[in-house]
Amino acid sequence: QVQLVESGGGLVQPGGSLRLSCAASGFTFSMYFMNWYRQAPGKERELVAIISSSGGTTNYADSVKGRFTISRDNAKNTVFLQMNSLKPEDTAVYYCNARFFDEYWGQGTQVTVSS
């Protein structure tokens, strides 16, 4: 049974930091590209960050470059998203996504940036 379980979301003040985690099980994690998406109220889901299967290549949406860092631990089947210098416009539900020849989604974790 495939599972992607996100954690680490919450309420943070502008300028603060959060670290999201996504624990994977039920598939060969090390073969999959892992991605973080987010969806704000009334907006379409957008791709935030990508990491290759080995972790050697990453890419980011322009809106988060220099503030967010994606990483993975293939020994622990976990992908992370370190979010620094958070802004109110980063408020969204953040989703973990695994993609290879098929695709899996987590249930999402809420991130709210507000004073």
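Our structure's up above, just so we're on the same page.
Residues numbered from 1 in each chain as written. Predicted model: local features only at pLDDT ≥ 70, side-chain atom pairs only at ≥ 80, totals over all residues. Heavy atoms only, no water.

For the rest of this paragraph, the subject is the pattern of salt bridges. On inspection of all chains with the given rule, the structure shows five salt bridges. Residues Arg 38 and Asp 90 are paired through a salt bridge, measuring 2.9 Å at the closest nitrogen-oxygen approach. Taken together, the residues Arg 38 in strand β4 (residues 33-39) and Asp 90 in the loop between β8 (78-83) and β9 (92-99) connect sequence positions 52 residues apart. Each member of the pair, Arg 38 as well as Asp 90, carries the same accessibility label: buried. When the shortest N-O distance is used, the salt bridge between Arg 99 and Glu 103 registers 2.5 Å. Salt bridges linked by common partners bring Arg 38, Glu 46, Arg 67 and Asp 90 together as one network. (Salt bridge = Lys/Arg side-chain N within 4 Å of Asp/Glu carboxyl O. Helix = DSSP H or I, 4+ residues; strand = E, 2+ residues; numbered from the N terminus. Buried < 20%, exposed > 50% of the residue type's maximum accessible area, 1.4 Å probe, protein only.)

Further remarks concern a nonpolar patch on the surface. On the surface, Met 31, Phe 100 and Phe 101 cluster together into a nonpolar patch covering about 360 Å² of accessible area. On the secondary structure map, Phe 101 appears in the loop between β9 and β10 (103-105). (Patch = residues over 30% accessible without salt bridge, like charges linked within 9 Å, V, L, I, M, F, W, Y side chains within 5 Å. Areas by Shrake-Rupley, 256 points an atom, 1.4 Å probe, with all protein chains shown as cover.)

On to the environment of Tyr 95, then. Relative to the helices and strands, Tyr 95 is located in strand β9. When the C-alpha atoms of Tyr 95 and Cys 22 are compared, they prove to be 8.8 Å apart, with 73 residues separating the residues in sequence. Those residues within four positions of Tyr 95 in sequence are excluded, and the remaining contacts are Glu 6, Asn 35, Trp 36, Tyr 37, Gln 39, Arg 45, Trp 105, Gly 106, Gln 107 and Gly 108. (Contact = heavy atoms within 4.5 Å.)

Phi is positive for Asn 77, which is not a glycine, with a value near 55°. Within the secondary structure, Asn 77 is located in the loop between β7 (68-73) and β8. You will see that Ser 85, though not glycine, has its phi angle at about 50°, which is positive.

What follows concerns the side chain of Ser 21. For Ser 21, the position within the fold is in strand β3 (residues 18-25). The contact partners of Ser 21, leaving out residues within four places of it in the chain, are Val 5, Glu 6, Ser 7, Trp 36, Thr 78, Val 79 and Phe 80.

Turning to the pairing of β7, a few remarks are in order. Alternating residues of β7 divide into Phe 68, Ile 70 and Arg 72, all buried, and Thr 69, Ser 71 and Asp 73, none buried. In the sheet, β7 pairs with β8 via six bridges, with the strands oriented antiparallel. When the sheet's bridge partners are listed, Asp 73 is paired in β8 with Thr 78. Here β7 folds back onto β8, and the loop between the two strands holds four residues, one of which, Asn 77, carries a positive phi near 55°. (Pairing = 2+ DSSP bridges.)

Structural measurements only, silent on function.
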